[in-house]
Amino acid sequence: MYETIPADQLNTVGKKSGRVDAYEKVTGHAPYVSDMIMQGMLYAAVKQSPHARARIVKIDTKKAKALPGVRAVVTGEELQYRLGLYVVDKDILAKTEVRHFGEAVAAVAADSPLIAQKAIKLIEVEYEVLEPVLHPLKALEKDAPLVHPALGDYSYMEAAFTPVPGTNIANHTKIRKGDVEKAFAQAEWIIERQYTNPSVQHVPMETHVAIVRWQPNDEVTIWSSAQSPYTLRNLFCTAMKLPHRNVRVIVPYVGGGFGGKAGIGIEPLVAVLSRLAGGRPVKLMATREQEFSLLPCRSQLTYRIKTGIAADGKIVGQHMTMYWDAGAYADYAVNVTRASAYSAAGPYEIPNAWVDAYTIYTNKPFGTAYRGFGHVEFHWGIERHMDLVAKVIGMDPVEFRRKNTLKPGSHTLTGELIRTSTGSIDKCLDAACKSINYGKLTKAEKDRQKRTGMKIGKGVACFHKAPAMPPFTATAVILKMNEDGTVTANLTLTDYGQGSYTAIAQIIAERLGFPLERVKVAFDCDTDRDPYDWQTVASKGLILSGNAAILAAEDLLACAYDTASQALRCNKIDLAHDADKIYIKHHPESAVTFRQMAVGYAFPNGNGIGGPIIGVGRYIAQGLSHLDKATGQGNPALDWTYGAHGMIIEVNEKTGEYNILKVGSAFDVGKVVNPDSVRGQAIGGMMQGLGTAVCEGYIYDKEGHLLNPSFTDNKIPTAVDMPLEIECMVVETPQIDGPYGARGVGEHPMIGVAAALGNALQQSTGAEITHMPMRYEDVWRAIRHIEPVDNWITKSPFGSCKSSPQMQGHHPELG
Amino acid sequence: MKITVTINGQKYQRDVQESQTLLGFLRADVGLTGTKGGCGAGECGACTVIMNGEAVNSCLVLAVEADGATLQTIEGETVKGKLSPVQDAFARHHAVQCGFCTPGMIMTVKDLLARNPKPSRDEVIHGIEGNFCRCTGYQQIIEAVLDATGQLKESDKEGLKYV
Amino acid sequence: MLHDFSYVAPTAVDELFTFLATHGTKTAVFSGGTDLFVNIRGGLSAPDYVVNLKSVPGLSDLSFDPKAGLSIGACVPVTRVLNDPTVNKKYGVIAKAAGELATHQLRNRATVVGNIVTASPCGDMSSPLLCYDAQVEIASAGGSRIVALKEFITGVKRTVLQPEEIVTRIIVPTTYAGTKGNYLKLKRIKGHDLGVVAVAMIATSKVIRVAISSAAPTPVLLPDFPASASAETIKESARKAISPIDDVRCTKEYRAFMVEEFIDRLHAEVKA
């Protein structure tokens, strides 16, 4: 889909333009599900488990049912449905055992939120508290309690995943390339370390909310603040054993998602309440606190990396083990595991590689998709590792990276050949370095150090990411011409803030040769009206839906040209068009306007031809394959987006307090469709990454209670937390199959930010931090070589905060 | 309890539950859903409205406390369908992504500009400290405010750099 | 709000006290409501009645008298204190702490008195007020009494206040008015956050006064130091007075370390 059209010949793509949804949003008119009220609507509330693991001895709902205004009460025992995206392991409500703090055990629907809340308090649950399995590495031990003893009986997507029955392993992905042991035998250095990051919350500003009406004839309508209407419908229908035609999913404006609204969430629970209440619509809106424990989070990762390096600084072999803490249910975590495994080394060529990536069940709130889909987490490890390795071998971290980056002719871990058109990590790295004057201090910086007494440090981090999606992922766009010659596009890629609809509108306008104002992308999504899209995830929307939009525009033009050739009595090949009309090239005065043809052309005598002009664009990812289960070899990547962050910080070496002075980021986006949207994604993602780097993270006690499920103790960045200076840069290496050469960049800005901070801290103070987040206290401890804060699930057991640990060979804590 | 409130210049009389918040009153009792709820605890600022000339978190104000008060909400920001300068700048600068924090953010900015018509960049940053935005990373919001107040430098308008 | 209560808005002091005398144990009084409504929503508080002090005349005065000092009425929001020229001039550390308290929106509602009555170990207003030797005026149907702030807070979220009583105002004497000083607060982010640990210090030509928040069950006022005291002496005293704990916000080690770091910085500042 890449056309070699010089940028100066593009009219809309690549040009600045406002967002198509701006007016609705700045006026407060945009309707979100949280704003919606239906006639006769009931309000739901959920009873949640106070324990991480417990047997449900008895649930008494009598008092709740007797409360006036309560219309439905439900417990797990009454529900025979099981849900699961890839591994079907989750009941709508816990049945005999609760598997995590905050898990739903009962729910009610009542006339008002207040009555619903009162009813919840009246539900009495008797628990027998069981010993939870909380630490992912403990969960792998032989005698560990099993979170899912029946794992062997669950159905799962066999082409992609490998659960291990009788263990807590929900999936084991393997990548095998070359001969790692042989490479290690020849290496000059072998360096092994471990990196951890905690679970974090997406924090969409609109919490999860759904309204469901389940009519007595089994026709169901779901209004949800969700990212993926079709996947939601598909999973819902599979669980409820309903024909897809019976279920309609409507997604209006969505107040942020970041992956947390990608699959299926509260909708099935709300649906059963509606059915129990005789088909009255029921609404459930999660509280902010429920976002942290009732709804899923991002998985915790423990990442162990062992690298063999030759005397010239080339990596010769790398052994990588990822322990992904799924929490109580597999959800997206198994696919995060798979996608991370095949990208595990970062944008570097590793000739001999061995990856074992495990998804591990524990008794904690479960992990799901989150912007970056595992890549934020493991790039923390790999990009910190690059700097730590460079320090040990005595090479500059950037020089060490440059020696090892993927270049045209390199092969990825799965054996995919990198071409020039794949993009350039080197150009991104160079831009990031230049942006921060890497490797030296300017005079102003030296003066600043003198003035403040703080030490300035500079660090960089690289990254890559491909969409994590089935190899046959598909989408469609329907483009309809309106009576006045404007066009309206329907699609179910959702725009929950990332700006996709503005880009799609620009692409359609460009292809049709219409001004942007003539193109509308219908904002709400409706599975009864709009064509299929797999999911709005993975930074694949621009490529797949962009291509479908181009095809729809082509199809619409073909339709119009058909009509025009009849109306003008000529060959189609002799026709051309401008924004208003189709005309005969050699007789431009012979023309018919789009308006004349929009809903069918009528000759002067009233005879009609053509009918309404519609374009259909269908697109499916091409040339991708499943990974071989034994070796991980195959072609999983629709595209690779490369990027790099450079960061300048200043640190108080005594206290660990630090300020972020500048972040300079570069991304190879293929082709910029909307500069301000790219910049918005770049800065927004960078700040979200900075949040997880600086302060965010779940903290548990030893019984598995989540201790910080609110904004009081789970801070996210405010405006005051911004770096003093931000520079956003793009490289444009066109993607051959991307629309106008574009590739996705929605998730990428978040990746690598934490590592850039960690690397800058190391560069300035020597602090060798291997766990996130990096609070002032963590930096203080690292500088002083004292043990890290024992958050006990996320503390890195070795390597962390010790200046030069024994890095060759066996480490006692490795076991 | 019966209360009378002036919202965006219009008088509203409603009988409200005494435990109803001002946020709930605006959204459920009056039907003005432009004001959003993001946390219920005064942390996120999504529910910011201007009450008697002061920005407040409407999730932590009782509706009954607003009896006799004058309120401004996002719905009053547009005059005859025309965007206010702040709204217009937000739209032009992509200071909006998911849009959920936007109404509260604009109310906070409106209040800031009422107190300080030409805030410096640093004053804008501190002025919007009480409003979380998870999407934009704040930069384009700050640029929008500086532009709306005629302070955005040409060099700041460059934005994305092509290398 | 997911808890029902009756709203009471007394229009006279007598009416308020009569109500509290009868229903005090089932009542929560509020002015800003920024703590109370968070607690009610979170199920931590479930009063039958909430009483709005703002409707009671005479509780919203912020005034300064050269003899009696500064009087901060129960309903004076933090913003007013923050913007008050007299407070800024004579009680700069109170203004500094007021600026560190939460966000602009919350400061428009939250009151200085409320911040004290909440008696949270991390309340921003307590340390500076302790330094200035603030007094708390408590009143009920039975009359009024004055309690020193250092006696007022007795534990985590506990005070000497009885159910039938309210705090009518805080009085800050002129003893230390116009002295140098500052308030330093450790937060987890640069934006609004509770104090992980905080230290207030003021210094006259004769004495140095230091109070510490979030490092013990109550804010701690250290004994007076002579103006010549070294930072080391103050830190020595602080070490004995505080008992920091490990929690989700910080470890006791780092809390103790930052208390000393802040003392160093403040000492250098007041000596400069």
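Residues numbered from 1 in each chain as written. Chains lettered and ligands numbered in written order. Predicted model: local features only at pLDDT ≥ 70, side-chain atom pairs only at ≥ 80, totals over all residues.

*Asks:* How do you make sense of the overall build of chain B when you look at a structure like this?
*Replies:* When helices and strands are tallied, chain B shows five helices and six strands. The C-alpha radius of gyration of chain B comes to 16 Å, within 12% of the 15 Å expected for a compact globule of 163 residues. Summarising its shape, the C-alpha atoms of chain B cover approximately 60 × 30 × 25 Å along the three principal directions. Within chain B, the proportion of its 163 residues that are buried is 65%. For chain B, the share of sequence-separated contacts (at least 6 apart) that also reach a separation of at least 24 residues comes to 57%. (Helix = DSSP H or I, 4+ residues; strand = E, 2+ residues; numbered from the N terminus. Rg over C-alpha atoms; globule rule 2.2 N^0.38 Å. Buried ≥ 20, exposed ≤ 12 C-beta atoms within 10 Å, placed from the backbone. Contact = placed C-beta atoms within 7 Å.)

*Asks:* Is there a simple way to explain the sheet that holds strand E24 (residues 581-584) of chain A in this structure?
*Replies:* Sheet strands pair by backbone hydrogen bonding; their relative direction is either parallel or antiparallel. Residue and element names in this part refer to chain A. If you walk across this open sheet you meet the three strands as E23-E24-E25, and the pairing is antiparallel. Only two strands of the sheet have a single neighbouring strand rather than two, namely strand E23 (575-577) and strand E25 (587-593). In this sheet, neighbouring strand axes are inclined to one another by 35 degrees on average, regardless of whether the strands run parallel or antiparallel. Sheet analysis places E24 next to E25, joined by four bridges and oriented antiparallel. Residue pairing in the sheet places Lys 581 in a bridge with Thr 593 of E25. (Pairing = 2+ DSSP bridges. Axes fitted to C-alpha atoms, helices over the stretch in contact; angles between N-to-C directions.)

*Asks:* Explain the interface of chain B and chain A here, please?
*Replies:* The interface is formed by 44 residues belonging to chain B together with 55 residues belonging to chain A. For the side of chain B that touches chain A, the secondary-structure elements that each account for two or more residues are helix H2 (85-92), helix H3 (102-115), helix H4 (121-127), helix H5 (139-148) and strand E6 (161-162) of chain B. When residues of the side of chain B that touches chain A are assigned to their parent elements, the largest contribution, four residues, is made by H2 of chain B. Taken together, the residues of the side of chain B that touches chain A sort by class into 22 nonpolar, 16 polar and six charged. (Nonpolar A, V, L, I, M, F, W, Y, C, P; charged D, E, K, R; others polar.)

*Asks:* Please clarify how H2 of chain B should be interpreted in this entry.
*Replies:* At 3.6 residues per turn, the α-helix brings residues three or four places apart onto the same side. Across the eight residues that make up H2 of chain B, a large majority, six, are buried. Buried residues of H2 of chain B: Val 86, Gln 87, Ala 89, Phe 90, Ala 91 and Arg 92 of chain B, and no others. Where the residues of H2 of chain B are buried, they touch helix H1 (22-26) of chain A together with H3 and H5 of chain B. One or two positions beyond H2 of chain B, positive phi appears at His 94 of chain B, with a value near 55 degrees.

*Asks:* What's the story with the domain arrangement of chain A in this structure? I'm lost.
*Replies:* Many authors give the size of an interface as the accessible area that is lost as the parts come together. Residues and elements named next belong to chain A. Each domain of chain A was delimited in the assignment, giving domain 1 (7-30 + 473-620), domain 2 (33-132 + 208-285) and domain 3 (374-467 + 639-805). Put simply, the middle of domain 1 and the middle of domain 3, counted by C-alpha atoms, are 40 Å apart. A per-element tally of the side of domain 1 that touches domain 3 places helix H14 (residues 541-567) first, with six residues. (Domains from an automatic or database assignment.)

*Asks:* Looking at this structure, how should I read the sheet that holds strand E2 (residues 54-60) of chain A?
*Replies:* Residues and elements named next belong to chain A. Read from one edge to the other, the open sheet built from three strands follows the order E6-E2-E8, with strand pairing classed as antiparallel. A single partner strand is all that each edge strand has here, and the edge strands are strand E6 (97-98) and strand E8 (124-129). Of the strand pairs in this sheet, E2 and E8 are connected by six bridges, and their pairing is antiparallel. The partner of Asp 60 across the bridge, within E8, is Glu 124.

*Asks:* Would you explain the packing of helix H16 (residues 675-694) of chain A against helix H17 (residues 753-765) of chain A in this entry?
*Replies:* Relative orientation and spacing of two packed helices are given, respectively, by the angle between their axes and the distance between those axes. Residues and elements named next belong to chain A. Running from N to C, H16 and H17 point in directions that differ by 55 degrees, and their axes come no closer than 8 Å. Comparing their axes, H17 and H16 come out oblique. Considering only the axes of H16 and H17, their crossing is right-handed. Listed contacts from H17 to Met 686, Gly 689, Leu 690, Thr 692 and Ala 693 of H16 are Val 753, Ala 754 and Leu 757. Its residues assigned to classes, the contact of H16 with H17 shows six nonpolar, two polar and no charged. (Parallel < 35°, antiparallel > 145°, perpendicular 65-115°, else oblique. Left-handed = near helix turned anticlockwise from the far one by under 90°.)

*Asks:* What is the right way to look at unusual backbone geometry in this model?
*Replies:* Leave glycine aside and you will find that most residues have negative phi; peptide bonds, for their part, are mostly trans. For the peptide bond that leads from Met 772 of chain A to Pro 773 of chain A, omega is -5 degrees, which places it in the cis range. With respect to the helices, strands and loops of the structure, Pro 773 of chain A is situated in the loop between H17 and helix H18 (776-783). Even without glycine at this site, Ala 119 of chain C takes up a positive phi of about 60 degrees. Position of Ala 119 of chain C among the secondary structure elements: in the loop between helix H7 (112-117) and helix H8 (126-131). Assessed through the 21 C-beta atoms surrounding it within 10 Å, Ala 119 of chain C is described here as buried. In the Ramachandran plot, Lys 157 of chain C falls in the positive-phi region, its phi being about 60 degrees despite a non-glycine side chain.

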